Amino acid sequence: EVCVMKKFIRENIDHQPIVDNVFKIVNLANDAIAKKGKENIVNATIGSLYDEDGNLVALDTVFNTYNSLDNRTKAKYASSFSGNPNFRKQVYNWVVQDTKLDLCHSVIGTPGGSGAVSSTILNVLDEGQTLSIPHIAWGNYKSMATIANCKVQAYQMFDGDAFNITSFKETCREVMARQGKVLAIINDPCHNPTGYSMTVEEWNQVIDFCNELSNEGPVIILDDIAYIDYSYNLERSRDYMNAFNRMNDQVMIVVAFSCSKTLTSYGLRCGGAVILARNQEDVRALEILMEKHARASWSNIPNAAMENFVKVTTEHKDEFNEEKGKYVDLLRQRCEVFKKEADECGLAYYPYKEGFFVTLKVEDDDLLTRFHEAMLAQDIYTIKVNKGIRVALCSLSVEKCQGLAFKMKEILDSLK
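Note that this is a predicted model, so its numbers are computed, not measured. (Residues numbered from 1 in each chain as written. Predicted model: local features only at pLDDT ≥ 70, side-chain atom pairs only at ≥ 80, totals over all residues. Heavy atoms only, no water.)

### Some remarks on unusual backbone geometry
Now for step 1: Residue Asp188 is joined to Pro189 through a cis peptide bond whose omega torsion reads 0°.
Now for step 2: If you trace the backbone, Pro189 turns up in the loop between β7 (182–187) and α8 (200–213).
Now for step 3: For the peptide bond that leads from Asn192 to Pro193, omega is 15°, which places it in the cis range.
Now for step 4: Inspection of the secondary structure assignment puts Pro193 in the loop between β7 and α8.
Now for step 5: In this structure, Asn149 is a non-glycine residue whose phi angle is positive, near 55°.
Now for step 6: The exposure class assigned to Asn149 is buried, which follows from its relative accessible area of 16%.
Now for step 7: You will see that Asp379, though not glycine, has its phi angle at about 60°, which is positive.
Now for step 8: With respect to the helices, strands and loops of the structure, Asp379 is situated in the loop between α13 (365–377) and β12 (380–381). (Helix = DSSP H or I, 4+ residues; strand = E, 2+ residues; numbered from the N terminus. Buried < 20%, exposed > 50% of the residue type's maximum accessible area, 1.4 Å probe, protein only.)

Take a look at the structure:
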């Protein structure tokens, strides 16, 4: 018999090294800035909020509150692997706000919104099963599925300027037929990377379909709301959640919330998974798995980050919303400038409503690569995504947005 030598590492998994194209292009942009000065470079790579002078926004209301916390609060462990009780309660209150949800719920504290997404994938799907994702999406959904030894199947995001409910239904039906269960990610509102937000009617259609599909097996929607607090109409940003009340007892929703994004504290990893279902025992079953996963993966999330979130969103809520609101207005100005000019010169982009990014629509893969490289050659740094170019207007000043669409269209036309 031939003895096959085993490896040091897991064998039944993808062994390709991680290629983070975002950080690669960010580094190229930083090198160019060091050589040529930031005024000569358009760095639209960074998915964080920057001010008009090109500095990362760190909201005073957030960090002054954080600095006022006792050092021992910063040093100590959280009171539970699933998050401090006051934090869990406040995350639920903050996420749903005035929505009158008639559902059983629980919250698990996670390291950022990423932790909520990855924990849901790992604890809902078995190895070899398939996760449904939008065809234009944050790249790490796929990475997280791969780590869990799961596959992905993508639904088309758009039908014209609307959410492609037909493709969503087809994809979910195919997955259900194969495995008797569906976990589908919807990144809404303020979709990364297109900036699309679904209408209440589109959400009603999604939930009605999930109810119908659930006759064949459980349906779980993972709603990634990382950018929700940068919605242009904050008062209405949670309205769509009323659609959740339509779901039956074979449908579950997990909302992945990011304190890191909401509080402009990207490196202070903090977030939550809000589990919503008709029956308490279904909520508890997922909660148990997520608690164990938390204990075995990250143990607990930063105590001070949780305490800070509670303080900022209760004691300092008005000042926080006011300070953040100024930047939301700035984001809107930048995007309006870019969209207006793109419309004027016929530069195609996916339907944008609000959020950090606009994505240029380039469906030919060869042209997409050549366009991306041609922009790099002219010191315009962007991120290539599936069927498009992500432009992070969150990190560009209004001045840098002016004329940018015209320049991009000029470059694109020269390649055709």
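### Describing the environment of Met408
Now for step 1: Its place among the elements puts Met408 in helix α15 (residues 404–415).
Now for step 2: Judged by its relative accessible area of 0%, Met408 is buried.
Now for step 3: When the C-alpha positions of Met408 and His372 are compared, they lie 9.8 Å apart, and in sequence the two are 36 residues distant.
Now for step 4: Residues within four places of Met408 in sequence aside, it is in contact with Phe338, Leu347, Leu360, Phe371, Met375, Ile380, Thr382 and Val391. (Contact = heavy atoms within 4.5 Å.)

### Quick notes on the sheet that holds strand β10 (residues 271–277)
Now for step 1: Here we have seven strands laid out as an open sheet, ordered β2-β10-β9-β8-β7-β3-β4, and mixed in their pairing. Across the chains shown, the open sheet's two edge strands, defined by having one partner strand only, are β2 (104–110) and β4 (151–155). The mean angle between the axes of side-by-side strands here comes to 20°, regardless of whether they run parallel or antiparallel.
Now for step 2: With six bridges connecting them, strand β8 (residues 219–224) and strand β9 (residues 251–258) associate as parallel partners. Across the sheet, residue Asp224 finds its bridge partner in β9, namely Ala256.
Now for step 3: Relative to the sheet, helix α4 (residues 85–96) contacts β2, β9 and β10, its axis offset from that of β2 by approximately 115°.
Now for step 4: Across the sheet, α8 is in contact with β7, β8 and β9; its angle to β8 comes to roughly 155°. (Pairing = 2+ DSSP bridges. Axes fitted to C-alpha atoms, helices over the stretch in contact; angles between N-to-C directions.)

### Observations concerning the pairing of β2
Now for step 1: For β2, the tally of buried residues reaches five of seven residues, placing the bulk of the element in the interior.
Now for step 2: With seven bridges joining them, β2 and β10 adopt antiparallel strand pairing. Following the sheet pairing, Cys104 is matched in β10 by Ala277.

### A few points about the packing of α4 against helix α11 (residues 303–314)
Two measures define how a pair of helices packs: the angle their axes make with one another and the distance between the axes.
Now for step 1: At a minimum axis separation of 9 Å, α4 and α11 run at an interaxial angle of 45°. It follows from the interaxial angle that α4 and α11 lie oblique. Between α4 and α11 lies a crossing of left-handed hand. For the pair formed by α4 and α11, the contact residues are Asn86, Phe87, Gln90, Val91 and Trp94 on the first element and Met306, Glu307, Phe309, Val310, Thr313 and Thr314 on the second.
Now for step 2: Of the residues in the contact of α4 with α11, the class split is six nonpolar, four polar and one charged. (Parallel < 35°, antiparallel > 145°, perpendicular 65-115°, else oblique. Left-handed = near helix turned anticlockwise from the far one by under 90°. Nonpolar A, V, L, I, M, F, W, Y, C, P; charged D, E, K, R; others polar.)

### Brief notes about the nonpolar core
Now for step 1: Counting residues in each nonpolar core, the largest one holds 113 residues, and the members touching the most others are Phe168, Trp203, Val206, Phe244, Leu276 and Met408.
Now for step 2: The dominant element in this core, judged by the number of residues it contributes, is helix α12 (residues 317–345), at eight residues.
Now for step 3: Grouped together as the second largest cluster of nonpolar side chains are 27 residues, Val117, Met144, Cys150 and Met252 included. (Core = buried A, V, L, I, M, F, W, Y, C linked by side-chain atoms within 4.5 Å.)

### A closer look at the sheet that holds strand β13 (residues 383–385)
In a beta sheet, neighbouring strands pair by backbone hydrogen bonds and run either parallel or antiparallel.
Now for step 1: With antiparallel pairing, the three strands of this open sheet are ordered in space as β11-β14-β13. With partners counted over all chains shown, the strands left at the sheet margins are β11 (357–361) and β13, one partner each. When the angles between neighbouring strand axes are averaged without regard to direction, this sheet yields 35°.
Now for step 2: One ladder, built from five bridges, connects β11 with strand β14 (residues 388–392); its direction is antiparallel. By the bridge assignment, Thr359 is partnered in β14 with Arg390.

### Points about the environment of Asp364
Now for step 1: Inspection of the secondary structure puts Asp364 in the loop between β11 and α13.
Now for step 2: Overall, the relative accessible area of 43% leaves Asp364 in the partly exposed class.
Now for step 3: With 28 residues separating them along the chain, Asp364 and Glu336 place their C-alpha atoms 27 Å apart.
Now for step 4: Of the polar contacts made by the side chain of Asp364, one reaches the backbone nitrogen of Asp366; its length is 3.1 Å.
Now for step 5: A distance of 2.7 Å separates a polar atom in the side chain of Asp364 from the backbone nitrogen of Leu367. (Polar contact = N/O pair within 3.5 Å; in protein donor to acceptor, adjacent residues only side chain to side chain.)

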